[in-house]
Amino acid sequence: MNKEKQPGLYIHIPFCRSKCLYCDFYSVASRAAIPAWLKAVQREVLLYKDRFHDFDSLYLGGGTPTILGERELAGLLECLHKHFTFCPESEMTIEANPDGLSRDKLKVIGSLGINRISLGVQSFDDRDLKYLGRSHDSRQALKSLDMVRSCGFADLGADLMYGLETQSIQGWRRTLEKILEFRPEHISCYQMTFEKGAPLWKMKAAGLVRSIGEKLESAFFIWTSRYLEKHAYQHYEISNFARSPEFMCRHNRKYWSHIPYLGLGPSAHSFQAGSRWWNVRSIRKYCRLLAEGKAPVEGAEVLSEEQLDLETLDLGLRTSAGVDLHALGDRLIMDEALAELQKSGLVKVTNGRIQPSLKGFLVADSLPLMLCS
Amino acid sequence: MTMQQIRNFSIIAHIDHGKSTLADRLIQHAGLVNDREFRDQILDNMDIERERGITIKSQTVLLPYTSRSGEVFDLNLIDTPGHADFSYEVSRALASCEGVLLLVDASQGVQAQTIANLYAAMEHDLSIVPVINKIDLPSADIGRVKEQIEHDLGLEPDHALLCSAKEGTGVEDVFEAIVNRIPPPSGNAEKPLAALIFDAHYDPFRGAIVSCRVFDGALRPGDIIRLMFNGATHKVEEVGVFRLNRESRGELSAGSVGYVIAGIKSVADIRIGDTITLDSNPVSSPLPGFKNIKPVVFSSLYPISSDDYPSLLDSLEKYKLNDAALVYQKDTSVALGQGFRCGFLGLLHLEIVQERLEREFDQSIIMTAPSVQYQFTLLDGATLTVENPQYYPDPTVIKSSAEPFIRAAIILPERYMGAVMKLCLDRRGANPRITYPTPGRVEITFDMPLAEVVFDFYDRLKTVTQGYGSFDYELIEYRQSDLVKLDILVNSERVDALSIIVHRERAREWGVQVCDRLKEEIPRHSFKIAIQGAIGGKIISRSTISPFRKDVTAKCYGGDITRKRKLLEKQKKGKKRMKMVGSVMIPQSAFVSVLKAKDE
């Protein structure tokens, strides 16, 4: 049980070959600053080496972590292992994009102890990929999936996107059918979202693209859940499916359950003992602050009991496991509202846990609001 | 100072014809303030009055004046509220005067309130000095206005003074006319004290500051006075006159105007129009014209957050100290919780109370649809007065029902007549009488239910006449009417705060309007919401708010959590400002919006 509480380590690698049109994560489309960034991360590690111990997950995210050269990756991992300790059988994930992935790189990745690949497939339809501004095509996606498997990675996660203007439900079905041929241990299906600040958001504001509308979005969502569950995947979070509980992403689940995590790199967030802090969203500032011996922190908050409860509720209702009623403060939830939500089939209460139904998942952003007094 | 050297006068005018500006100019001219201290519209000292440009609480000021012939005068300017809601206060102020300046805007000409004011002044047999103001305006048409003064008002146009209060031209002539054309007061200092209360203000240190006109006798500090309407006695602490501030005097003698402070706790303890006399030597009968004014418009008032009920109660108590016309009592609504049923003199009064509670007392309130007082006769012969839809009687035992009617007078340029006729007929106006006082202008009078004008009538009139229509009304009588209670149901639950009593023929229209408004105001929920208007069990209007199917955020990782929680905290706070009806959240704005004028 205690093992469940081990912290997770996230490294933000803010570099990409090119920027995708839907993405609002912090990254730059250039390799130029990688050496400076790497040096800075190594400095940041030192700031926290005494505050975090015994990680049981590592997540290299981005950006495009696989943009790092083999020596850069090795250098990073070496530094992490030098100053931090990891539990045996830690989950070690790297996000990868089909373009620029090679058998050689995968071998190095494997040799560094990374045991989970999260591959940004998105779609097998080139029209969708073009719409999203991805730098790979479906052929590359298939090839990279083959490579991951043939290199012996036993924990493969595939990221997909649906609800695109260019995509029909049949097209989406073909993408899912195709991915199932590789039997990934984990599938993330993200509803197309127009993130403020991403190019598609601006294009939408200008009337160049549009969302498919709430009605279709919910149809896609429900259909996807049913389809994957039929193929023995568990819909364990709004956008996440796992072939079995052991393949639920250990690292991501820490975010949803207030388990401590340390985020290194520009824009990374950390959480420990009721505090959350986040780094500056600029490689230049990040490097400068660390060079000056300062923490590259942009903001921080200490969560009150009430705020923690609110987050527990909010985050928990996004997962099929739901929220333990007894873990919440006495006055957070209104009994009548809970009864009402049960009646309307949005949640059920099992063994003292409120668990959202599929219909509940669809309105998960309002569930906490409906329950709160 | 003898009575010969006193003049008591008011300025009466249609709204916006420059009453306050002229008053300010007179004050400045009399040297009460120097130019540096001069602040526009000194008499309107509440923010709301300044913003709306209307006088709500009247003030009195004594202006010293030395005439061209060298005589010294005390001129008492008795300011009057400028709205039909306060017509009783106006009548008491006029009863304290011997004359009025009847102000007419040189470009707008005679308007509905000009005429109503003239009639009121004539009723009190006052000397009337017409003053044409704003002659500096490029659009001023003095010839046309003189013609209106002759034809609409029946006054001698050549006697009208010309002035521009704004520029200060003609002000000297106004002063001369006051001393020469308005008679001095008459009265007998030897007779028992009879003083008319025409206004009162609340002072946190001194209690009620009572404004009065002494007709006979005299008032001195130390006197034991008696308020004739309830026989209460008080010892006079101070008497005096208003310059810009209070100035205490040894006495107020017959013919003069001033204030009395007598340890009276709040203005609610006195009555406008009441007579003050001496306890030891009372007059045999009070001065004529006293009325115990009663509210005519009613509405319930609730705190947005039920936690704020005690604070609202406290604010109302404080507010009431300075506004005797407001009445309130506790009220409870299923939808809105504990609140107050309030009675007002009219719609403007209601709006003023609402605004002042929000602005000066920092209260966030929800008000329900204004109602008038209805009368029901039941089959068993009992009669019932109902101003709260909650107490609408069982319809099966109602024999007949009646509602108050007004006579509305509207003056407008002829070209808007069609639109105004339609508006009045839509509002159940009947018995139109049309006169053409001067070419191009029409005066229409209609008998209309008060309920039809307490709402948004004045706004609508302004809209359809592009601001050129003016309106005045008086209550006339109760008339038989087919009244029903319209309930609004949200997912089959009655929202009691939205129920209204309405004429059967108007019920459907109202029901449709409320259903449409609520549809716009209530946010979508995760379930379908049906909004219905119903009379008894019969549904007469409906609208539906479709549920939202999906609002979930796809991604929620380390960087998203704080932002998401902050949004949730904000929404949670917003929810506190919502009212729950069953499981439907109704925002405060929904209750307000149903009261707003429909844009056509």
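Each residue is numbered by its place in its chain's sequence as written, counting from 1. Note on labels: chains are lettered from A, ligands numbered from 1, in written order. The predicted origin of the model limits local features to residues at a pLDDT of at least 70 and limits the giving and counting of side-chain atom pairs to 80 or more, whereas totals for whole chains, interfaces and linings rest on all residues. Calculated side-chain values reflect all of the structure's heavy atoms, with hydrogen atoms and water omitted.

Here we look at the interface of chain B and chain A
Note on interface size: it is often stated as the accessible area lost on association of the parts. Residue contacts are counted whenever heavy atoms from the two residues lie within 4.5 Å of one another. Taken together, the contact pairs 26 residues of chain B with 44 residues of chain A. Carbon and sulfur atoms make up 56% of the area that chain B and chain A hide from each other, which totals about 3,400 Å². Each salt bridge in this description consists of a side-chain nitrogen of Lys or Arg and a carboxyl oxygen of Asp or Glu lying within 4 Å of one another. Connecting chain B to chain A are 9 salt bridges. E301 of chain A is the salt-bridge partner of R565 of chain B, the closest N and O atoms lying 2.8 Å from each other. Identification of polar contacts relies on pairs of N or O atoms within 3.5 Å, with a donor-acceptor requirement for protein atoms, meaning one able to donate a hydrogen and the other able to accept it, and with residues adjacent in sequence counted only if both atoms are side-chain atoms. Our count for the chain B to chain A interface comes out at 24 residue pairs in polar contact (both at pLDDT 80 or more). Amino acid classes used here: Ala, Val, Leu, Ile, Met, Phe, Trp, Tyr, Cys and Pro are nonpolar; Asp, Glu, Lys and Arg are charged; the rest, including Gly, are polar. Counted by class, the side of chain B that touches chain A contains 8 nonpolar, 7 polar and 11 charged residues. Accessible area that two parts lose when put together, evaluated with a 1.4 Å probe and summed over both, is termed the buried area.

Quick notes on the packing of aromatic side chains
Centres within 6.5 Å make a pair out of two Phe, Tyr or Trp rings, where for Trp the six-membered ring is used; the pair is then stacked when the planes are under 30 degrees apart, edge-to-face when over 60, and tilted otherwise. Under the definition given, this model contains 27 aromatic pairs over all chains. Ring centres of Y319 of chain B and F361 of chain B lie 6.5 Å apart, and the angle between their planes is 75°; on these two criteria the pair is classed as edge-to-face. With a gap of 42 residues between them, Y319 of chain B in helix α7 (residues 309-320) and F361 of chain B in the loop between α8 (347-359) and β20 (365-367) connect regions that are remote in the sequence. By relative accessible area, Y319 of chain B is classed as buried at 3%. Here F361 of chain B falls in the partly exposed class, since its relative accessible area comes to 22%. Their ring planes at 25° and their centres at 5.8 Å tell us that F471 of chain B and Y473 of chain B sit as a pair that is stacked. You'll find F471 of chain B and Y473 of chain B in the same group, each marked buried. Site record: aromatic cluster; members linked through ring pairs are Y48, F52, F55, F84, F86 and W277 of chain A. Lying across the ring of F215 of chain B, R213 of chain B places its NZ or CZ 4.3 Å from the centre. Secondary structure elements are taken from DSSP: a helix is a run of H or I of four residues or more, a strand is a run of E of two residues or more, and numbering for both begins at the N terminus. When a residue's accessible area, from a 1.4 Å probe over protein chains only, is under 20% of the maximum for its type it is buried; when over 50% it is exposed; and in between it is partly exposed. Each ring is checked for a lysine NZ or an arginine CZ that lies within 6 Å of its centre and within 35 degrees of its normal; such an atom marks a charge sitting over the ring.

Some words on the sheet that holds strand β4 (residues 99-105) of chain B
Paired through backbone hydrogen bonds, the strands of a sheet run either parallel or antiparallel to each other. All names here are of chain B. If you trace the 6 strands from one edge of the open sheet to the other, you get β2-β3-β1-β4-β5-β6, paired in mixed fashion. Edge positions in the sheet fall to β2 (60-66) and β6 (161-162), since each of these pairs with one other strand and no more. Pairing between strands requires that DSSP locate at least two bridges from one strand to the other. Pairing of strand β1 (residues 6-13) with strand β3 (residues 72-78), which is carried by 4 bridges, proceeds in the parallel orientation. For N8, the partnering residue across the bridge sits in β3 and is N76. Axis lines are fitted to C-alpha atoms, over the contacting stretch for helices. Their N-to-C directions set the angle, which ranges from 0 to 180 degrees. Each of β1, β2, β3 and β4 touches helix α1 (residues 19-29); the most contacted strand, β1, lies at about 150° to it. The strands that helix α4 (residues 112-123) touches are β1, β4 and β5 (127-133); relative to β4, the one it contacts most, it runs at about 170°.

What about the side chain of D274 of chain B?
Residue and element names in this part refer to chain B. Tracing the backbone through its elements, the reader meets D274 in the loop between β15 (257-261) and β16 (275-278). Charged residues are defined narrowly, with Lys and Arg counted positive, Asp and Glu counted negative, and His plus the chain ends left uncounted. There is no salt bridge for the buried D274, and the closest opposite charge comes from R271, which lies 7.8 Å off by N-O distance. Contact partners of D274, with chain neighbours within four places excluded, come to A195, L196, I197, L227, M228, F229 and F290.

Digging into the pairing of strand β7 (residues 194-203) of chain B
Residues and elements named next belong to chain B. Within β7, 9 of the 10 residues are buried, which leaves it mostly tucked inside the rest of the structure. The pairing of β7 with strand β8 (residues 207-216) spans 9 bridges and is antiparallel. Considered in β8, the bridge of I197 is made with C212. Taking the residues between adjacent antiparallel strands as the criterion, β7 and β8 are bridged by 3 residues. Note that β7 and β16 share 2 bridges and pair antiparallel.

Notes on the environment of H81 of chain A
Along the chain, the position of H81 of chain A falls in helix α2 (residues 70-83). If near-sequence neighbours (up to four positions away) are discounted, H81 of chain A is found in contact with F86, M92 and L112 of chain A.

Here's the deal with the sheet that holds strand β14 (residues 347-350) of chain A
All names here are of chain A. Spatial strand order, β13-β15-β14: 3 strands in an open sheet with antiparallel pairing. Each having just a single partner strand, β13 (323-324) and β14 make up the two edges of the open sheet. Packing of helix α12 (residues 335-343) onto the sheet brings it into contact with β14 and β15 (353-356), and relative to β14 it is tilted by some 110°.

Concerning the pattern of salt bridges
Any two side chains of opposite charge can pair if their charged atoms end up close together. Enumeration according to the criterion identifies 57 salt bridges over all chains in this entry. Residue D203 of chain B is joined to R246 of chain B by a salt bridge in which the shortest nitrogen-to-oxygen separation is 3.5 Å. In this pair, D203 of chain B sits in strand β7 while R246 of chain B sits in strand β13 (residues 246-249), placing the two residues 43 residues apart along the sequence. Residue D203 of chain B is classed as buried on the basis of its relative accessible area, which comes to 15%. Here R407 of chain B ties to D447 of chain B by a salt bridge, and the two come within 2.9 Å at their closest N and O atoms. Of this pair, R407 of chain B sits in strand β23 (residues 398-413) while D447 of chain B is found in strand β25 (residues 441-449), placing the two residues 40 residues apart along the sequence. Exposure remark for R407 of chain B: the relative accessible area of 31% places this residue in the partly exposed category. A single salt-bridge network, built from bridges that share partners, covers E237, D314, R318 and D365 of chain A together with K564 of chain B.

What about the packing of α7 of chain B against α8 of chain B?
Packed helix pairs are characterised by how far apart their axes lie and by the angle those axes make with each other. All names here are of chain B. In the contact formed by α7 and α8, the axes pass within 11 Å of each other and the chain directions differ by 120°. Of the possible angle classes, the one that applies to α7 and α8 is oblique. Crossing angle aside, the handedness with which α7 passes α8 is right-handed. Residues S315, L316 and Y319 of α7 lie in contact with α8, whose contacting residues are I352, V353, R356 and L357. Angle categories: roughly parallel below 35 degrees, roughly antiparallel above 145, roughly perpendicular from 65 to 115, and oblique for all the rest. Here is the rule for handedness: rotate from the far helix to the near one, and if that takes an anticlockwise turn smaller than a right angle the crossing is left-handed, while a clockwise turn gives right-handed.

Focus: unusual backbone geometry
Across the junction of G62 of chain A and G63 of chain A, the peptide omega takes the value 20°, indicating a cis bond. You can see G63 of chain A is positioned in the loop between β2 (55-62) and α2. A positive phi angle, near 70°, is found at A232 of chain A, a position not held by glycine. Topologically, A232 of chain A is positioned in the loop between α8 (214-230) and β7 (234-237). Its relative accessible area of 46% is what places A232 of chain A among the partly exposed residues. Here the phi dihedral of K134 of chain B falls at roughly 65°; this positive angle occurs in a residue that is not glycine. Tracing the backbone shows K134 of chain B in the loop between β5 and α5 (142-151).

A word on the nonpolar core
Take the buried Ala, Val, Leu, Ile, Met, Phe, Trp, Tyr and Cys residues and link them wherever side-chain atoms come within 4.5 Å; each set so joined is a nonpolar core. Membership of the largest hydrophobic core comes to 74 residues, with the highest contact counts inside it found for L9, I11, W37, L60, F84 and I179 of chain A. At 7 residues, helix α1 (residues 34-48) of chain A tops the list of elements feeding residues into this core. When we break this core down by domain, the ones giving at least three residues each are domain 1 (8-256) and domain 2 (306-371) of chain A. Excluding residues within four positions of it along the chain, I179 of chain A makes contact with V121, F124, L145, A158, L160, P184 and I187 of chain A. F86, C424, M448 and L461 of chain B belong to the second-largest nonpolar core, a separate cluster that totals 53 residues. Source of the domain bounds: an automatic or database domain assignment.

Considerations on the confidence of the model for chain B
Taken as a whole, chain B shows an average pLDDT of 88; of its residues, 94% reach a score of 70 or greater. Among the prediction metrics, the complex's ipTM stands at 0.93, with pTM recorded as 0.68. Each residue carries a pLDDT score, the predictor's confidence in it, ranging from 0 to 100.

Re the pairing of strand β32 (residues 578-581) of chain B
Residue and element names in this part refer to chain B. Covered by surrounding structure in β32 are K579 and V581 only, the residues M578 and M580 on the alternate face being uncovered. Where β32 meets strand β33 (residues 584-587), 4 bridges bridge the pair, whose relative direction is antiparallel. Bridging from a neighbouring strand, M580 pairs with M585 of β33. Connecting the antiparallel pair β32 and β33 is a turn made up of 2 residues, with G582 showing a positive phi of about 60°.

Regarding a negative patch on the surface
Residues qualify for a patch when their relative accessible area is over 30% and they have no salt bridge, like charges being joined within 9 Å and the nonpolar side chains of Val, Leu, Ile, Met, Phe, Trp and Tyr within 5 Å. Surface accessibility follows the Shrake-Rupley procedure with a 1.4 Å probe radius. Residue values consider only the protein chains on display as shielding. One atom stands in for each charge, and that atom is NZ of Lys, CZ of Arg, CG of Asp or CD of Glu. A cluster of acidic residues, E147, E150, E156 and D158 of chain B, forms a negative patch on the protein surface. Mapped onto the secondary structure, D158 of chain B falls in the loop between α5 and β6.

Here's the deal with helix α10 (residues 283-291) of chain A
Along an α-helix, residues three or four apart share an orientation, since each turn contains 3.6 residues. Residue and element names in this part refer to chain A. What α10 keeps buried is the set I283, Y286, C287, L289 and L290. Across the axial projection of α10, the buried residues extend over an arc of 165°, all falling on one side. Opposite the buried face of α10, by more than 90 degrees, sit the exposed residues R284 and A291. If you follow the buried residues of α10, they end up packed against α1, β9 (261-264) and β11 (275-279). Positive backbone phi, approximately 80°, marks G293, located one or two places after α10. The arc in question is the one spanned by the directions pointing from the helix axis to the C-beta atoms.

Some details on the state of the cysteines
Any pair of cysteine sulfurs within 2.5 Å is marked as a disulfide. Within the structure shown, the criterion is met by 0 disulfides over all chains. You can see C16 of chain A has no disulfide; the closest cysteine sulfur is in C23 of chain A, sitting 6.5 Å from it.

Focus: the environment of Y302 of chain B
Residues and elements named next belong to chain B. With respect to the element layout, Y302 can be found in strand β17 (residues 297-303). The class of Y302 is buried, set by a relative accessible area of 1%. Placed 31 residues apart in sequence, Y302 and S333 show a C-alpha to C-alpha distance of 8.8 Å. A polar side-chain atom of Y302 sits 3.2 Å from a polar atom in the side chain of D331.

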